[in-house]
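What follows is each chain in one-letter form.
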Amino acid sequence: MTTFRRRVAEWRSPSLRRGSLWVPQWFPKTAVVCGSREVAMAFPHLQQPSFLLASLKADSINKPFAQRCQDLVKVIEDFPAKELHAIFPWLVESIFGSLDGVLLGWNLRCLQGRMSPVEYSIAMEFLDPGGPMMKLVYKLQAEDYKFDFPVSYLPGPVKASIQERVLPDSPLYHNKVQFPPTGGLGLHLALNPFEYYMFFFALSLITQKPLPGALHIRTSDCAYFILVDRYLSWFLPTEGSVLPPFSSSPGGPSPSPAPRTPAMPFASYGLHHTSLLKRHVSHQTSVNADPASHEIWRSETLLQVFVEMWLHHYSLEMYQKMQSPHAKESFTPTEEHVLVVRLLLKHLHAFSNSLKPEQVSPSTHSHATSPLEEFKRAAVPRFVQQKLYLFLQHCFGHWPLDASFRAVLEMWLSYLQPWRYAPEKPAPSSDCQPRAVSERWAPFVQENLLMYTKLFVGFLSRALRTDLVSPKNALMVFRVAKVFAQPNLAEMIQKGEQLFLEPELVIPHRQHRLFTASPFTGSFLSSWPPAVTDTSFKVKSHVYSLEGQDCKYTPMFGPEVRTLVLRLAQLITQAKQTAKSISDQCGESTPGRPFLSWLGFYSTDTNGCYPANDLDEMGQDSVRKTDEYLEKALEYLCQMFRLSEAQLAQLTLALGTTQDENGKKQLPDCIVGEDGLILTPLGRYQIINGLRRFDIEYQGDLELQPIRSYEIASLVRMLFRLSSAINQRFAGRMAALCARADFLGSFCRYHLTEPGLAGRRLLSPVARGSAASRARGPRLSLRFLGSYRTLLSLLLAFFVASLFCVGPLTCALLLVLGYLLYAVAMTLLTERSKLHQL
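For clarity, every value in this text was computed on a predicted model and none was experimentally measured.

Is there a simple way to explain the overall build of the protein in this structure?
When its secondary structure is counted, the protein shows 37 helices and 7 strands. Counting over 838 residues, the protein shows a buried share of 46%. A separation of at least 24 residues holds for 78% of the contacts in the protein among residues at least 6 apart in sequence. For the protein, the accessible surface area stands at approximately 42700 Å², while carbon and sulfur atoms represent 59% of it.

Here is the structure:
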């Protein structure tokens, strides 16, 4: 028997108990003789739960992971809830890490099956919805234990609301806030075991920072991501009902769930456009007899916790009106966070779409509808819609303009297409045309109008600022255009906009809820009409609940958005031309060019390339994909907004997209100002997308320009100090020689003055004004001797000479003689060209 099992046996032995005090066998006998009161006062840490906790903590340090999990399974099976409740908070923290991120826990976000198969399988089995950890949760749930959760670790808007003593929107917090007797410090929530477990599980996605080596881990392969998928499949089933919790003992009754708050029935969740469900459920008489009504609370709690912890990080309208400093909470989601939220949305769509056809329409509801079916109908609009909208708005406005935005984009597109997760699949089209969106989804499109229209405008503003020549950015534009161009979807969106723009109705304002007075009474329900069948009212209610009644709505198919689409179409056309020019440029280059450039046979100037995109890194296949993505995206945009070929041709010509032979020689669009050229907004777009560029030349001292990759840094510095010393000592003599009018003067000027200094173009007006002050006298430059190519050329010349039995000294003399002849010829040609210029 292991040490742990032996301690457990000692603990549970009745012969070792003295009153309420437990004494292990290894405890001194003299202490056992003492009264229980004296021993308890001298050793208060030896109470029963304390020893179990201390033993598990010691084992967590000394035992391997597999053995620890086996011991935990045995403890959960053998011990009653009275002795397990003390270890529960420590166990949850040891698994998911501390809320402040200091303790890492089991590091589920980096645990993968292919990297650590043994630890992965043990952890997944232990934390499975049907595993030992959930059995512990249900054991404690049956005894109605409560655990304190600090308010300071809740999402920013929730924390600010509670600190302001305003009840948050979500019923998850109702009747749970505990105020300390001294005031506003130490606020906490009193949570049942299931809630406490799910709070830690959900927050570990945010509080636990990934390790440096975890940047290349695929999120979908990690234990945390797979656990989220299992929990969602278990508690949000698409078939059947939620499985009941385990029995507290073999053959015993199942533990009863936490009682629902009488003032907050399931039917009253949410505040906007909720009268239908409220009135319908409140008049049911047979729902309470359904056994599923006693188990649906776990599904509700799971969804509310995930939504609150993952999405509710941005202030709602009520917090902004209060102008509370706590409402200005900054939160930046990670790509992993977004991927997990997308998984939640996909499960929610499948969960909601699993309703039977006769149960979808509110008019066909029967009195025998189960709570699970009601929950399926209410899950997305009541719990997710508003917080997801704010989350997406923040991501669209603050996410970096790079390829990582793809995760946010796919999350958004997943929410916009619930028909992809419907159980019935439409018949495949024979002509390979996109499937039309069924009219069945018109209510969803209309009641999520802002998700389609306003976020589409937000995407347009992002696309106009990105490099569309990049294949990854081109793919994102293609994805959005393809989704919105699905047949019948644009018509549904237009119909929704028409419903919203109809004459307005009076919509009840949202009410603030204080801790001291609960508004969830019959009077609140009676303020709503008995039934809302007006579709226009539903659309207006959706828009006003997310944006407020004073919002300024911009129609997606109005003139303002159409102008943005035309600008995007123009940039797509320009990006296609740029991709083609880059493709042509890459085709002209040869595999040996980098080596020849290193040897000096090709120019090493990098001004002729396009550093703004990744086409050169990905090759010709990437160029082809970019062209395909942009071509199809342009086709879809023209189809959605009914753009004609003549419109595109005219606007493209107005922008001046006609380029020179290589597509790169034209300058960006500019205007002439007092200090030189000033970029226009069009010029900025042309530079960002790599369509045009300025010819940048080095205008400083050639001796002081940065050391190149083809130069030896230490040798260049040594030669610079040598040439500086020579120039300083013989400056007067070199100036006198260069001032001579004979051939010797011309020969010295050719070697001692910078070539082309007088004729160099000064593009900057500031540099032009100070050109006279930067005029330099004759000087010697030895920097060319620090180049790899010069040294390699000299070695090559000596090697060739040795093949012809020419010694090093003779070879050096021949090289000097050859250079003198070359210099004389160049001097004569330079002087003749100057005479022609005069």
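Explain the sheet that holds strand β4 (residues 177-178) to me, please; I cannot follow it from the model alone.
The strands making up a sheet are joined through hydrogen bonds of the backbone, oriented either antiparallel or parallel. Read across the sheet, 3 strands follow the order β3-β5-β4 without closing on themselves; strand pairing throughout is antiparallel. Edge positions in the sheet fall to β3 (147-150) and β4, since each has one partner strand and no second. Sheet topology note: the β3/strand β5 (residues 188-191) ladder contains 4 bridges and is antiparallel. Bridged to phenylalanine 149 within β5 is leucine 189. Strand contacts of helix α11 (residues 193-207): β3 and β5, with the helix running at about 30° to β3, the strand carrying the most contacts.

Even after reading the chapter, I still don't get the nonpolar core, so can you show me in this structure?
Side chains of a nonpolar character, in soluble globular proteins, are inclined to be buried together. Core analysis: the largest hydrophobic core is formed by 172 residues, its most contacted members being Leu108, Tyr197, Met198, Trp310 and Trp412. Take this core: its biggest share by element is 13 residues, from helix α18 (residues 371-398). Ignoring any residue separated from it by four or fewer positions in sequence, one finds tryptophan 412 in contact with Leu392, Phe396, Met451, Tyr452, Leu455, Phe456, Phe459, Val480 and Phe484.

How do you make sense of the packing of aromatic side chains when you look at a structure like this?
Aromatic ring pairs are reported here in terms of the distance separating the ring centres and the angle at which the planes meet. Following the criterion strictly, the structure yields 36 aromatic pairs and no others. Centroid distance tryptophan 412 to phenylalanine 484: 5.7 Å. Interplanar angle 45°. Geometry classified as tilted. Within this pair, whereas tryptophan 412 is found in helix α19 (residues 405-416), its partner phenylalanine 484 is found in helix α22 (residues 471-484), the two being separated by 72 residues in sequence. The same class applies to tryptophan 412 as to phenylalanine 484, namely buried. On the basis of an interplanar angle of 40° and a centroid distance of 6.2 Å, the ring pair of tyrosine 819 and tyrosine 822 is categorised as tilted. Here tyrosine 822 and tyrosine 819 lie together in helix α37 (residues 808-837), a separation of 3 residues that amounts to about one turn. Pairwise contacts between aromatic rings join Phe396, Phe405, Trp412, Tyr452, Phe456, Phe484, Phe557 and Phe641 into one cluster. Lying across the ring of phenylalanine 500, lysine 540 places its NZ or CZ 5.4 Å from the centre.

For this particular structure, what's the right way to read helix α32 (residues 713-729)?
If you check α32, its first and last C-alpha atoms are 25 Å apart, about what 17 residues at 1.5 Å a residue would give, namely 24 Å. All of the buried residues along α32 are Val716, Leu719, Ser723 and Asn727. Take α32 and look down its axis: the buried residues cluster within an arc of 70°, on one side only. When the buried face of α32 is taken as reference, the exposed residues oriented beyond 90 degrees from it are Ser714, Arg721, Gln728 and Arg729. Against the buried residues of α32 lie α33 (731-739).

What's the story with the environment of lysine 82 in this structure? I'm lost.
Mapped onto the secondary structure, lysine 82 falls in helix α6 (residues 81-84). On the basis of relative accessible area, lysine 82 is assigned to the exposed category, the value being 64%. As for lysine 82 and lysine 139, which are separated by 57 residues in sequence, their C-alpha atoms are 9.5 Å apart.

Would you explain the environment of arginine 68 in this entry?
Along the chain, the position of arginine 68 falls in helix α5 (residues 65-78). If near-sequence neighbours (up to four positions away) are discounted, arginine 68 is found in contact with Asp59, Ser60 and Lys63. At 3.5 Å, the side chain of arginine 68 forms a polar contact with the backbone oxygen of serine 60.

It is not clear to me how the pattern of salt bridges should be interpreted in this structure. Could you clarify?
It is possible for side chains of opposite charge to pair when their charged atoms get near one another. Applying the stated criterion to the full structure yields 16 salt bridges. The shortest N-O distance in the salt bridge between glutamate 631 and lysine 576 comes to 2.1 Å. Remark: lysine 576 occurs in helix α26 (residues 559-588) and glutamate 631 occurs in helix α29 (residues 620-641); sequence separation between them is 55 residues. By relative accessible area, glutamate 631 is classed as partly exposed at 38%.

Explanation requested: α19 in the structure shown.
Structural remark: α-helix, 3.6 residues per turn; residues separated by three or four positions point the same way. When the terminal C-alpha atoms of α19 are compared, their 17 Å separation across 12 residues agrees well with the 16 Å that a helix rising 1.5 Å per residue should span. Taken across its 12 residues, α19 has 11 buried, putting it largely inside the fold. Those residues of α19 that are buried lie in contact with α16 (335-353), α18, α20 (442-447), α21 (449-463) and α22.

Even after reading the chapter, I still don't get the packing of helix α8 (residues 117-127) against helix α12 (residues 223-235), so can you show me in this structure?
Between two packed helices, both the angle of their axes relative to each other and the distance between the axes serve to describe the pair. Close contact between α8 and α12 brings their axes to 11 Å; oriented N to C, the two are set at 30°. For the element pair α8 / α12, the angle class is roughly parallel. Our pair here, α8 against α12, has a crossing hand that is right-handed. Of the residues in α12, those in contact with Tyr120, Met124 and Leu127 of α8 are Ala223, Ile226, Leu227, Arg230 and Tyr231. In the contact of α8 with α12, the residues fall into 7 nonpolar, no polar and 1 charged.

Explain the packing of α18 against α19 to me, please; I cannot follow it from the model alone.
Running from N to C, α18 and α19 cross one another at 150°; their axes reach a closest spacing of 11 Å. The orientation of α18 relative to α19 falls into the category roughly antiparallel. As α18 packs across α19, the resulting crossing turns out to be left-handed. Judged by residue contacts, Val380, Gln385, Leu388, Phe391, Leu392, Cys395 and Phe396 of α18 engage Phe405, Val408, Met411, Trp412 and Tyr415 from α19. Each residue belonging to the contact of α18 with α19 can be placed in one class, and the counts come to 11 nonpolar, 1 polar and no charged.

Explanation requested: the pairing of β5 in the structure shown.
Strand residues, when the strand is regular, have side chains that alternate between the two faces of the sheet. Direction of pairing for β4 relative to β5: antiparallel, over a ladder of 2 bridges. Each residue of the ladder has a partner; that of glutamine 178, found in β5, is histidine 188.

When you look at the side chain of asparagine 353 in this model, what are you seeing that I'm missing?
Mapped onto the fold, asparagine 353 is located in helix α16. Owing to a relative accessible area of 7%, asparagine 353 belongs among the buried residues under this scheme. At 2.8 Å, the side chain of asparagine 353 and the backbone oxygen of proline 418 are in polar contact. Those residues within four positions of asparagine 353 in sequence are excluded, and the remaining contacts are Pro418, Tyr421, Ala422, Pro423, Arg440 and Trp441.

Analysis parameters
- Residues numbered from 1 in each chain as written.
- Predicted model: local features only at pLDDT ≥ 70, side-chain atom pairs only at ≥ 80, totals over all residues.
- Heavy atoms only, no water.
- Helix = DSSP H or I, 4+ residues; strand = E, 2+ residues; numbered from the N terminus.
- Buried < 20%, exposed > 50% of the residue type's maximum accessible area, 1.4 Å probe, protein only.
- Contact = heavy atoms within 4.5 Å.
- Areas by Shrake-Rupley, 256 points an atom, 1.4 Å probe, with all protein chains shown as cover.
- Pairing = 2+ DSSP bridges.
- Axes fitted to C-alpha atoms, helices over the stretch in contact; angles between N-to-C directions.
- Core = buried A, V, L, I, M, F, W, Y, C linked by side-chain atoms within 4.5 Å.
- Phe/Tyr/Trp six-rings, centres within 6.5 Å; stacked < 30°, edge-to-face > 60°.
- Lys NZ or Arg CZ within 6 Å of the ring centre and 35° of its normal.
- Expected span 1.5 Å × (residues − 1).
- Arc of directions from axis to C-beta.
- Polar contact = N/O pair within 3.5 Å; in protein donor to acceptor, adjacent residues only side chain to side chain.
- Salt bridge = Lys/Arg side-chain N within 4 Å of Asp/Glu carboxyl O.
- Parallel < 35°, antiparallel > 145°, perpendicular 65-115°, else oblique.
- Left-handed = near helix turned anticlockwise from the far one by under 90°.
- Nonpolar A, V, L, I, M, F, W, Y, C, P; charged D, E, K, R; others polar.

Such coordinate-based values are descriptive only and should not be taken to indicate function.
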